[in-house]
Amino acid sequence: MKERAHSLPSFSAWLNKGFDLRAHAAQMADARTDPEISPSSVFLAVFHSFAFRLPSFQQLDRELSHSYLQSWIDAERAFGDDTLRYSLCGFELDPLEAMLVDVNRRLKRGKAFDEGRVQGCLVAALDGIEVLSSFSRRCERCLERRVTLKDPAGRKIEQTQYYHRAVGCQMVHSPVKPFLAIEWLQPGEGEDAAALRLLQRLPGLYGSRFFDILLLDALYVQTPVLQLVHKIGWDAVISLKQNSRDLYQSAVRLFASRPPDVGFTEQRDHKTYHVQLWDTEGLPFTIDNPEPVRVVRSEEVLERNRYRQGERTSYSTDHEWLWVTTLSTRLFPTPVIRQLGHSRWKNENNGWMDLTKHWAFKHGFLHARRHRPEQINVSGERELVPNHGLAAVTFILLIAFALTSAFVLRHSKLARRDHLSAITVAAQLRASASKAPPPIRAPD
Ligand SMILES: [Zn+2]
């Protein structure tokens, strides 16, 4: 008989065989002394909470007391979200990052990134992501900004907002799009500083050729970024906007004086794009660093149909994009640069947006929590451990995102046969945790 729905035992077997889930879980550690509930069980609980797409830790709390999940994650007893939070605040981040790296390496070995290669190349993108913001809760590592609000009487008032922001590097060309690494902005520093730190760390985590092409937004039209990309041996496609005044203006002036190099019409998602492309090599990158670079400009008229009072009318909008790239004209023709430039834009919609919207990633309390384990500092005084809650939960989310996408998009025959969405698969796994008693000992 054919299986009708996904089950937790088969999901777990796949995770343990292909990705050593339980061996990784056993490496987890936190700052508690002699805890009754092990860091491994805490990790597995949060991992399953994301895999099941549970809406909150409170829901996980209920799930642990009502389903077989508790024995599935090797916990001696049910435990509440308070235990989870206390453990996560002092969680060690290195084993989590090591697991994320190992998962991605295994995905690559298993050919998960072969589909969608661009001219044979693997493509990653770097993006800034804002994780949470608050007017009241804050911690010592919060970033701060002044924002203008309206009070109940409609008057404008300024208030300080606290928030956390990170930079993430994500594979983008293939259907499975895991994050490779993440770097948090420290108070007072810009996104570019965190991004450079992340890029410098990547070869140490993955080797320099884990991917070939890096897509970046307009903030990164900077000499240090270009130098680093050259040094590591990647190629880059970077959005070019008016904030890079000299390069932008010399490109716009040059292209205005000549007809497009390529023109074509493209149909996508019931929309028609009339595209004109310009391409030049040899424009000076900046005044201080006049190294010649290639710039591509795309002028696109997007035609859409609109229905008004039962009548179809067509209307159009104009769009302009520019990119600066290190890729050669011979191997990467102009339309391919446009395609690469647009895939970074898609990443903004499919990466963090998806994670924050559809993955219940709203654990704001984790950053401002005072109830944390203590440690002895260098002067022999007791102090609270640094709060890793937000970073730890983010890592577990990224691990769950990578593994469940690979399960749905590459492994599951059911998902393919029945055209199941990732959310449906998550619901089936969650239901299975209430139905299927696990083996006496969960499989290794
Ligand atoms: Zn904070």
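Anything mentioned here points back to the structure above.
Residues numbered from 1 in each chain as written. Predicted model: local features only at pLDDT ≥ 70, side-chain atom pairs only at ≥ 80, totals over all residues. Heavy atoms only, no water.

1. A few points about the packing of aromatic side chains
Put simply, the test is: Stacked, edge-to-face and tilted labels apply to pairs of Phe, Tyr and Trp rings (six-membered ring for Trp) whose centres lie within 6.5 Å, assigned for plane angles under 30 degrees, over 60, and everything in between, in that order. Any residue under 20% of the maximum accessible area for its type is buried, any over 50% is exposed, and the rest in between are partly exposed; the area is computed with a 1.4 Å probe on protein chains only. The rule for a charge over a ring is simple: NZ of Lys or CZ of Arg within 6 Å of the ring centre, and within 35 degrees of the ring normal.
This structure, assessed with the given rule, holds eight aromatic pairs. For the pair Tyr206 and Phe210, a centre-to-centre distance of 4.7 Å together with 45° between the ring planes defines the contact as tilted. Under the relative-accessibility criterion, Phe210 is labelled buried at 5%. The cationic tip of Arg145 hangs over the ring face of Tyr163; the distance from NZ or CZ to the ring centre is 3.7 Å. Residue placement shows Arg268 over the ring face of Tyr273; its charged tip is 4.6 Å from the ring centre.

2. Notes on the side chain of His6
Which entries qualify depends on this criterion: Strands here mean DSSP runs of E at least two residues long; helices mean DSSP runs of H or I at least four residues long; both are numbered from the N terminus. What qualifies as a polar contact is a pair of N or O atoms within 3.5 Å, subject to a donor-acceptor requirement within protein and to the restriction that residues adjacent in sequence count only when both atoms come from side chains. Whether two residues are in contact is decided by their heavy atoms: any pair within 4.5 Å suffices.
With respect to the helices, strands and loops of the structure, His6 is situated in the segment before helix H1 (8–19). Taking the relative accessible area as the measure of exposure, His6 reaches 6% and is therefore buried. Within the local environment of His6, its side chain forms a polar contact with the side chain of Ser412, the two groups lying 2.6 Å apart. For His6, the side chain forms a polar contact with the side chain of Gln428, separated by 2.7 Å. Once residues lying within four places of it in the same chain are set aside, the contact partners of His6 are Phe407, Ser412, Leu414, Ala415, Leu420, Val425, Gln428, Leu429 and Ser432.

3. Observations concerning helix H10 (residues 245–256)
The condition that has to hold: Expected helix span is computed as 1.5 Å times (number of residues minus one).
Under the 1.5 Å per step criterion, the end-to-end length of H10 is 16 Å for 12 residues, consistent within 8% with the ideal 16 Å. Considering only its buried residues, H10 is in contact with strand S8 (271–284), strand S9 (292–308) and strand S10 (311–325).

4. Observations concerning the pairing of S8
Residues in a regular strand point their side chains to alternate faces of the sheet. Note the cut-off: Two strands qualify as a pair provided DSSP detects at least 2 bridges between them.
Two strands pair when backbone bridges link them, and strand S7 (residues 262–268) and S8 are joined in this way by seven bridges, in the antiparallel orientation. Across the sheet, the residue bridging to Thr265 is His274, located in S8. Sheet topology note: the S8/S9 ladder contains 11 bridges and is antiparallel. Considered in S9, the bridge of Tyr273 is made with Leu302.

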